[in-house]
Amino acid sequence: MRNTTLCYIIKDNKCLMLHRTKKENDQSHDKWLGIGGKFEDKESPEDCALREIKEETGLTVTEYRYRGIVTFISDVWETEYMHLFTVTGFRGEVSECDEGDLEWIDVGRLLELPMWEGDRIFLNLLASDSPFFSLKLKYEGEKLSLAVLNGKKIGE
């Protein structure tokens, strides 16, 4: 089981997205994601989020909000607890990322990008300003087979 963060950095109705193209054996190759990564020893979710943003974008976060936790269950990968954040304040300039290409995308176009099916669910929750949530996503290979929001199955 692993803990990770995923952060959506918003400015002027655009979101900084990472097109994962540079890492070998990347389970998210050619998909678009927010910014984030794995916890290091003794890190809190906030510590990890701020560090990953600095490492992957060069930006220093000044304002953020912890939005929810997503539990990923898979028949291929280990269970993952992903801590989800939105960032609305930062300083600095975006630098090059060694995991892919960073691009500011209009918020209204995010769901058009190639991404994991479950990402669309939590992006909609973020867009609707949902209160803190717990989302469980079960994948069989790359296909989403179950989504449970705050203990209730989605789609029933």
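Definitions and limits used
One numbering rule holds for all chains: residues counted from 1, following each sequence as written. For this predicted model, a pLDDT threshold of at least 70 governs which residues receive local features, and a threshold of 80 or more governs which side-chain atom pairs are given and counted, while totals over whole chains, interfaces and linings are taken from all residues. The side-chain quantities take in all heavy atoms of the structure and omit both hydrogens and water. Using protein atoms alone on a 1 Å grid, points that fit a 1.4 Å probe yet trap it form a cavity, whereas open point sets bounded by protein on both sides within 12 Å along at least five of seven lines form a pocket; residues with an atom within 4 Å of a point count as lining. Grid points are joined across faces, edges and corners, and a volume is the space filled by probe spheres set on the points. Every helix listed is a DSSP run of H or I at least four residues long, and every strand listed is a run of E at least two residues long, numbered separately from the N terminus. In this classification, Asp, Glu, Lys and Arg are treated as charged, Ala, Val, Leu, Ile, Met, Phe, Trp, Tyr, Cys and Pro as nonpolar, and every other residue, Gly included, as polar. Between Lys or Arg on one side and Asp or Glu on the other, a salt bridge is scored when a side-chain nitrogen of the former is within 4 Å of a carboxyl oxygen of the latter. Each residue is assigned to one of three classes by its accessible area relative to the maximum for its type, calculated with a 1.4 Å probe on protein chains only: buried under 20%, partly exposed between the two thresholds, exposed over 50%. pLDDT is a per-residue confidence score from the predictor, ranging from 0 to 100. Working definition: a ring pair exists when centres of Phe, Tyr or Trp rings (six-membered ring for Trp) sit within 6.5 Å. Plane angles under 30 degrees give stacked, over 60 give edge-to-face, the rest tilted. Here, over-ring charges are defined by two tests on the NZ atom of lysine or the CZ atom of arginine: distance to the ring centre within 6 Å, and angle to the ring normal within 35 degrees. A pair of cysteine sulfur atoms is labelled a disulfide when the two atoms are within 2.5 Å.

1. What about the layout of surface pockets?
Argument step 1. The space that makes up the second largest pocket amounts to roughly 350 Å³.
Argument step 2. Around the second largest pocket, the lining is made up of 18 residues, and of these Ile10, Val107, Leu123, Leu126 and Ala127 lie nearest the centre.
Argument step 3. Of all the elements in the fold, those that place two or more residues in the lining of the second largest pocket are β1 (2-11), β5 (60-74), β6 (80-91) and α2 (117-127).
Argument step 4. Broken down by element, the lining of the second largest pocket gets its largest block of residues, four residues, from α2.
Argument step 5. For the lining of the second largest pocket, the per-class residue count stands at 10 nonpolar, five polar and three charged.

2. Remarks on the pattern of salt bridges
Argument step 1. Considering all chains together, one arrives at 11 salt bridges under this definition.
Argument step 2. A salt bridge links Lys42 to Asp41; its shortest N-O distance comes to 2.8 Å. For the pair formed by Lys42 and Asp41, the shared burial category is exposed.
Argument step 3. The shortest N-O distance in the salt bridge between Arg51 and Glu55 comes to 3.1 Å. A residue pair is termed a helical-turn pair when its members lie 3 or 4 positions apart in one helix, as Arg51 and Glu55 do in helix α1 (residues 45-57) at four residues.
Argument step 4. You can call Arg51 buried: its relative accessible area is 15%.
Argument step 5. Through salt bridges with shared partners, a single network forms among Glu40, Glu43, Arg51, Glu52 and Glu55.

3. Thoughts on the confidence of the model for the chain
Argument step 1. Summary statistics for the chain give a mean pLDDT of 93 and a share of 94% for residues scoring 70 or more.
Argument step 2. Across the chain, β6 holds the top mean pLDDT of 98, while strand β2 (residues 14-20) sits lowest at 92.

4. A closer look at the packing of aromatic side chains
Argument step 1. Tallied over the entire structure, the rule returns eight aromatic pairs.
Argument step 2. Linked through ring pairs, Tyr64, Tyr66, Phe85 and Phe132 together constitute an aromatic cluster.
Argument step 3. Positioned over the ring face of Trp116 is Lys31, at 4.4 Å from the centre of the ring.

5. Structural notes on the state of the cysteines
Argument step 1. For the structure shown, the criterion picks out zero disulfides.
Argument step 2. Among the cysteines around Cys7, which has no disulfide bond, Cys48 carries the closest sulfur, lying 7.7 Å off.
Argument step 3. Since its relative accessible area comes to 0%, Cys7 is described here as buried.
Argument step 4. You can see Cys97 has no disulfide; the closest cysteine sulfur is in Cys7, sitting 13 Å from it.
Argument step 5. What makes Cys97 buried here is its relative accessible area of 3%.

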